[in-house]
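What follows is the residue order along each chain.
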Amino acid sequence: MITVTHRRYVPYAHAHYAGNLVDGAYSLGLFGDVATEVCIRLDGDEGLFASYDDVQFKAPIQAGDVLEIVGTVTRMGTRSRTIAFESRVVCRGTGGSAASVLDEPIVAVTATGTVVVPPKA
């Protein structure tokens, strides 16, 4: 149907835990940004996030990482859209200003979400 991809650098200011770990909710906020673009592209409106289902935290996200956030529409109702999300680490910060591009992305967070859009006029 449609897939939207965003990339985002994770600044050190977002680290909340030892080892420069970032809380899992960080990806959920990015999923919301991707969902907004999906709604704009499909419906010309930002829409509203209604729910998340099956959120899975699979690997840590650290400050200095570069994330690739992908959302793919898997179902379209009259006013609702179901989106499968994946947050992948594509570059890993290695301390200070150093980082490495990963050969294979690390899937950090997955979820399914439902958004709703206004009725067509």
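Rules and cut-offs
Residues numbered from 1 in each chain as written. Predicted model: local features only at pLDDT ≥ 70, side-chain atom pairs only at ≥ 80, totals over all residues. Heavy atoms only, no water. pLDDT = per-residue confidence, 0-100. Helix = DSSP H or I, 4+ residues; strand = E, 2+ residues; numbered from the N terminus. Expected span 1.5 Å × (residues − 1). Contact = heavy atoms within 4.5 Å. Polar contact = N/O pair within 3.5 Å; in protein donor to acceptor, adjacent residues only side chain to side chain.

Under an unreviewed UniProt entry, the protein has the name 3-aminobutyryl-CoA ammonia-lyase and belongs to Paractinoplanes pyxinae.

Undergrad: Looking at this model, I keep getting lost on the confidence of the model for the protein. Mind explaining?
TA: Do not read the predicted coordinates in detail wherever pLDDT is low. Mean pLDDT over the protein: 93, with 100% of residues reaching 70 or higher. Taken element by element, the predicted model of the protein shows its lowest mean pLDDT in strand β4 (residues 80-95) (94) and its highest in strand β3 (residues 66-76) (97).

Undergrad: Got a minute to help me understand helix α1 (residues 25-43) in this structure?
TA: Residues separated by three or four positions in an α-helix point in the same direction, a consequence of the helix having 3.6 residues per turn. Between its first and last C-alpha atoms α1 spans 26 Å; for 19 residues at 1.5 Å apiece the expected length is 27 Å, and the two agree. Summarising the contacts, the buried residues of α1 are in contact with β1 (3-9), β2 (48-57), β3, β4 and β5 (98-116). Directly after α1, the chain includes Gly44, whose backbone phi takes a positive value near 70 degrees.

Undergrad: Before we go on, may I ask you to explain the side chain of Arg92 in this structure?
TA: Within the secondary structure, Arg92 is located in strand β4. There is a polar contact of 3.4 Å between the side chain of Arg92 and the side chain of Gln62. Arg92 has contacts with Pro60, Ile61, Gln62, Gly64, Asp65, Ala99, Ser100, Leu102 and Ile106, leaving out every residue within four places of it along the chain.

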